[in-house]
Amino acid sequence: MGNDAVARRLVRDGNRTETAPEQRARRRLVVNADDFGRSTSINQAVIRAHREGILTSASLMVNETGFEEAVRLARENPRLGVGLHLTLLCGHATLSPEQIPGLVDGGGSFTNSPSGAGFRYFFRRSLRAALRKEIHAQFEKFRQTGLRLDHLNGHLHLHLHPTIFGILMEDASVLGIERMRLTRDPFWLNARLAGGNWWYRLVHTAIYHPLSARAQGELRRRGIRHTSVVFGLLQNARVDEPYLLKLLPVLAPGDSELYSHPSLDEFKNEFDALMSPRVRDLVDQLQIQLIRYQDL
């Protein structure tokens, strides 16, 4: 199923008018790539997986070396849904160190320690003003691209951190947040589909299950749309062909997201999975409808 087929399916799904029960009965899948804009290798993998594979959307890092290339490619491929991959960890800031004191080092880089960032952002109330300024700056930089904001998520899912999530919800209307990833990867289903990395999977379930449960009510109250489940978290760069061939037949009715990190070098296994003819054929055989967040 090439890009034309994906485009036809997206147009068809976007134009169909259905009742809520009919929508819930269908199986619809957002297939997303994180880290768009981080490097040329990632950018090229994203566009190829969209045009030739099953990829429907990507999450853009606005301060990394491949940002301008990613924006150009997104404009050339308007059926690709592009969201903001909010980066407050393992990446670079939009604002200068002087504008957000204490948040980045002298070179404008955030810490590479997830636990360190988590504790600092939660306990150091003095950083909240700087976090708010940087969050708004990243949204503004995305807005200046002219691309439609398909969705929001965070690098390493930091958008669900209580402090970050609180700022996002307080400013949701100003920032234009209408769709967000609710990172909830079902542990027991994942355990049926894949083995190994048990400690990683248990720890991440313990972290993100309560965070997503806490966030869900607020998203519902504000009318911010999300999928029911999100696959990819517990795979940790192992969203490969065998995993997808097992996952697709057991997708529940309703809306799901599958995310991965396709690249032409570091995570080529994930790129190959999105390009796999066997995976594309299975999507068609199972009549799984490929969508973007803006189609929710």
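Notes on the structure in this doc start here. Keep in mind that what you see is a predicted model, and the values were worked out from it rather than measured.

### Concerning the overall build of the chain
Now for step 1: Check the secondary structure of the chain and you find 13 helices and seven strands.
Now for step 2: Taken over C-alpha atoms, the radius of gyration comes to 18 Å for the chain, in line with the 19 Å a tight globule of 296 residues would show.
Now for step 3: With respect to the three principal axes, the spread of C-alpha positions in the chain is 55 × 40 × 40 Å.
Now for step 4: Counted over contacts in the chain with a minimum sequence separation of 6, partners at least 24 positions apart contribute 79%.
Now for step 5: About 12,800 Å² of surface is accessible on the chain, with carbon and sulfur atoms providing 52% of the total.
Now for step 6: Measuring between centres, the 39 positive side-chain charges of the chain sit 5 Å from its 32 negative side-chain charges.

### Examining a nonpolar patch on the surface
Now for step 1: A cluster of nonpolar side chains, namely Phe119, Phe122 and Phe123, defines an oily patch on the protein surface of about 360 Å² accessible area.
Now for step 2: When you line up the elements, Phe123 lands in helix α5 (residues 114-123).

### Quick look at the environment of Ser276
Now for step 1: Its location among the elements puts Ser276 in the loop between α12 (268-275) and α13 (277-285).
Now for step 2: By relative accessible area, Ser276 is classed as buried at 4%.
Now for step 3: Between the alpha carbons of Ser276 and Pro186 there is a distance of 24 Å; along the sequence they are 90 residues apart.

### A word on the packing of aromatic side chains
Now for step 1: Scanning the model with the defined rule gives four aromatic pairs in all.
Now for step 2: Members of the aromatic cluster, joined through ring pairs, are Phe119, Phe122 and Phe123.
Now for step 3: Its guanidinium or amino end placed over the ring of Tyr259, Arg181 lies 4.3 Å from that ring's centre, counting from NZ or CZ.

### Focus: the side chain of Thr163
Now for step 1: Tracing the chain through its elements places Thr163 in helix α7 (residues 162-170).
Now for step 2: Classification of Thr163 by relative accessible area gives buried; the value is 7%.

### Focus: helix α6 (residues 128-143)
Now for step 1: Between its terminal C-alpha atoms α6 stretches 22 Å, which fits the 22 Å expected from 16 residues at 1.5 Å a residue.
Now for step 2: Here α6 has its buried residues at Ala130, Leu131, Glu134, Ile135, Ala137, Gln138, Phe139 and Phe142.
Now for step 3: Tucked inside the fold, the buried residues of α6 contact β2 (57-60), β3 (81-86), α5, β4 (152-154), α7 and α8 (172-175).

### Brief notes about unusual backbone geometry
Now for step 1: The phi dihedral of Asn197 falls on the positive side, at around 50°, and the residue is not glycine.
Now for step 2: Tracing the chain through its elements places Asn197 in the loop between α9 (187-193) and α10 (198-222).
Now for step 3: Residue Gln287 is not a glycine yet carries a positive backbone phi of 55°.
Now for step 4: The topology assignment puts Gln287 in the loop between α13 and β7 (289-291).

### What about the pattern of salt bridges?
Now for step 1: Applying the stated criterion across every chain, the model contains 15 salt bridges.
Now for step 2: Asp171 serves as the salt-bridge partner of Arg132, at 2.7 Å between the closest nitrogen and oxygen. With Arg132 in helix α6 and Asp171 in the loop between α7 and α8, the pair connects residues that are 39 residues apart, well separated along the chain.
Now for step 3: Residue classification places Asp171 among the buried residues on the basis of a relative accessible area of 11%.
Now for step 4: For the salt bridge of Lys268 with Asp272, the shortest nitrogen-to-oxygen distance reads 2.9 Å. Residue Lys268 and its partner Asp272 are both found in helix α12; the two are separated by four residues, about one turn of the helix.
Now for step 5: Looking at Asp272, the relative accessible area reads 37%, which means it is partly exposed.

### Here we look at the packing of helix α3 (residues 40-52) against α12
Now for step 1: As a packed pair, α3 and α12 sit with axes 9 Å apart at the nearest point and diverge in direction by 15°. By the angle class used here, α3 and α12 are roughly parallel. Handedness of the crossing formed by α3 with α12: left-handed. Packed against α3, whose contacting residues are Ala45, Arg48, Ala49 and Glu52, the element α12 presents Phe271, Leu274 and Met275 at the interface.
Now for step 2: By residue class, the composition of the contact of α3 with α12 is five nonpolar, no polar and two charged.

### Side note on the nonpolar core
Now for step 1: Ranked by size, the top nonpolar core spans 85 residues in total, and within it Tyr121 and Leu168 carry the most contacts.
Now for step 2: Per element, the largest residue contribution to this core is six residues, and it comes from α6.
Now for step 3: Look past the residues within four positions of Leu168 in its chain and what remains in contact with it is Leu86, Ile135, Phe139, Leu152, His159, Leu175, Ile177 and Met180.

Basis of the calculations
Residues numbered from 1 in each chain as written. Predicted model: local features only at pLDDT ≥ 70, side-chain atom pairs only at ≥ 80, totals over all residues. Heavy atoms only, no water. Helix = DSSP H or I, 4+ residues; strand = E, 2+ residues; numbered from the N terminus. Rg over C-alpha atoms; globule rule 2.2 N^0.38 Å. Contact = heavy atoms within 4.5 Å. Areas by Shrake-Rupley, 256 points an atom, 1.4 Å probe, with all protein chains shown as cover. Lys, Arg positive; Asp, Glu negative; His and termini not counted. Charge placed at Lys NZ, Arg CZ, Asp CG, Glu CD. Patch = residues over 30% accessible without salt bridge, like charges linked within 9 Å, V, L, I, M, F, W, Y side chains within 5 Å. Salt bridge = Lys/Arg side-chain N within 4 Å of Asp/Glu carboxyl O. Buried < 20%, exposed > 50% of the residue type's maximum accessible area, 1.4 Å probe, protein only. Phe/Tyr/Trp six-rings, centres within 6.5 Å; stacked < 30°, edge-to-face > 60°. Lys NZ or Arg CZ within 6 Å of the ring centre and 35° of its normal. Expected span 1.5 Å × (residues − 1). Axes fitted to C-alpha atoms, helices over the stretch in contact; angles between N-to-C directions. Parallel < 35°, antiparallel > 145°, perpendicular 65-115°, else oblique. Left-handed = near helix turned anticlockwise from the far one by under 90°. Nonpolar A, V, L, I, M, F, W, Y, C, P; charged D, E, K, R; others polar. Core = buried A, V, L, I, M, F, W, Y, C linked by side-chain atoms within 4.5 Å.

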